[in-house]
Amino acid sequence: MKELCAVEIRESIRTKYAETALSGTSGYGCGNGCCGPIGENSSNDLARMAGYSPAEIQSVPDGANMGLGCGNPQAIAALRPGEVVVDLGSGGGFDCFLAARQVGEAGHVIGVDMTPEMVEKARRNAITAQCGNVSFRLGEIEYLPVPDSIADVVLSNCVVNLSTDKAQVFREAYRILKPGGRLAISDIVTTEELPETVRRDIKLHAACVAGAERIVVLEAMMREAGFRQISIRPRHESEALLAAWLPGLNLEKSLASASIEAVKA
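Here the structure is a predicted model, which means the values were calculated and not measured.

A closer look at the overall build of the protein
Working step 1: Along the protein, the regular secondary structure elements total 11 helices and eight strands.
Working step 2: For the C-alpha atoms alone, the extent of the protein along its principal axes is close to 50 × 40 × 35 Å.
Working step 3: Evaluated residue by residue, the protein yields a buried proportion of 57% over its 265 residues.
Working step 4: Of all intrachain contacts in the protein linking residues separated by at least 6 positions in sequence, the fraction that spans at least 24 positions is 74%.
Working step 5: Here the protein has roughly 10900 Å² of accessible surface; of this, 51% comes from carbon and sulfur atoms.
Working step 6: Distance between charge centres in the protein, computed from 26 positive and 33 negative side chains, equals 3 Å.

Right, here's the structure in full:
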């Protein structure tokens, strides 16, 4: 199996999520030919397994929740009224709409996604929901279209693992945060070394698997970016979600969803 280059991985991911946005099919992950619909698990089922409450799931516009998250960054973000939030890889806007309710009219939420189809979908959802304190921008999380020191909180849900330059993602998150600003991320980490065949499977990159990194490596990247009070906690209850994502691959013991927190010094 050939070595994959960063451009090839990025374009594969962009294509996969463009198809997801256009199809309106929820609950996409790796399975049934990778990557196809996850059988009996709806997007709401997957969101519940990721840690969202039924009330949170029901509160967002139809189509915002596509079952793509691996955790609930809202649960660790401790958002407050009036705060500015930036969501990295915002997709259909699920986490953005939840954050918008918490920061209120005095706050603002900016979603950034590299897939034009996802940005268009999120903007339509915002119009449907009449949500005026949310905006969506096209851009890559390695080079955010956001000014310096603007955000109180940076959120992300199962997106950093997709990047081929995670250190640059953390540098950008640090750049746009205000001093004392907070990082609140849910993402996939490895708990043991992945087989090389998995690392070189381009479909498993798009499925949030092949690009996952070890906790110690992520911690080092975050420290180098300038973050302090770093905490990366695997959610062992995420095994059921990973088994639903990856039927038949037996990788749920090698991976975990983790809650990732840090503060800008």
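From this point, the narrative continues.
Concerning the nonpolar core
Working step 1: In this structure, Trp245 and Leu255 are the most contacted members of the largest nonpolar core, which totals 56 residues.
Working step 2: No other element matches helix 5 (residues 94-103), which puts seven residues into this core.
Working step 3: Counting 31 residues, the second largest nonpolar core, distinct from the first, contains Leu88, Val159, Ala256 and Ala258.

Things to note about empty space enclosed by the protein
Working step 1: Summed over all chains, the structure comprises three cavities of 30 Å³ or more.
Working step 2: Quantified by volume, the largest cavity comes out at close to 550 Å³.
Working step 3: Around the largest cavity, the lining comprises 38 residues; the ones closest to its centre are Gly89, Gly91, Asp113, Asn157 and Val159.
Working step 4: Within the residue set of the lining of the largest cavity, elements represented by two or more residues are helix 1 (6-23), helix 2 (43-50), strand 1 (84-88) and helix 5.
Working step 5: If one sorts the elements of the lining of the largest cavity by residue count, helix 1 sits on top with five residues.
Working step 6: Class assignment for the residues of the lining of the largest cavity results in 18 nonpolar, 13 polar and seven charged.
Working step 7: Reported here for the second largest cavity is a volume of approximately 60 Å³.
Working step 8: Looking at the second largest cavity, the residues that line it are Val160, Asn161, Lys166, Phe170, Asp187, Ile188, Val189, Glu213, Leu218 and Ile260.
Working step 9: Looking at the lining of the second largest cavity, the elements that each hand over two or more residues are helix 7 (166-176) and strand 5 (177-190).
Working step 10: For the lining of the second largest cavity, the leading source of residues is strand 5, giving three residues.
Working step 11: Looking at the lining of the second largest cavity residue by residue, the classes come out as six nonpolar, one polar and three charged.

A word on the packing of helix 7 against helix 10 (residues 215-225)
Working step 1: Running from amino to carboxyl end, helix 7 crosses helix 10 at an angle of 40°, the nearest separation of the two axes being 9 Å. Overall, the two elements helix 7 and helix 10 adopt an arrangement that is oblique. As for how helix 7 packs across helix 10, the hand of that crossing is right-handed. Here Lys166, Ala167, Phe170, Arg171 and Tyr174 of helix 7 come into contact with helix 10, specifically with Leu218, Met221, Met222 and Ala225.
Working step 2: The class makeup of the residues in the contact of helix 7 with helix 10 is seven nonpolar, no polar and two charged.

About the cut-offs
Residues numbered from 1 in each chain as written. Predicted model: local features only at pLDDT ≥ 70, side-chain atom pairs only at ≥ 80, totals over all residues. Heavy atoms only, no water. Helix = DSSP H or I, 4+ residues; strand = E, 2+ residues; numbered from the N terminus. Buried < 20%, exposed > 50% of the residue type's maximum accessible area, 1.4 Å probe, protein only. Contact = heavy atoms within 4.5 Å. Areas by Shrake-Rupley, 256 points an atom, 1.4 Å probe, with all protein chains shown as cover. Lys, Arg positive; Asp, Glu negative; His and termini not counted. Charge placed at Lys NZ, Arg CZ, Asp CG, Glu CD. Core = buried A, V, L, I, M, F, W, Y, C linked by side-chain atoms within 4.5 Å. 1 Å grid on protein atoms, 1.4 Å probe; cavity = no way out; pocket = protein on both sides within 12 Å on 5 of 7 lines; lining within 4 Å. Points joined across faces, edges and corners; volume = space filled by probe spheres on them. Nonpolar A, V, L, I, M, F, W, Y, C, P; charged D, E, K, R; others polar. Axes fitted to C-alpha atoms, helices over the stretch in contact; angles between N-to-C directions. Parallel < 35°, antiparallel > 145°, perpendicular 65-115°, else oblique. Left-handed = near helix turned anticlockwise from the far one by under 90°.

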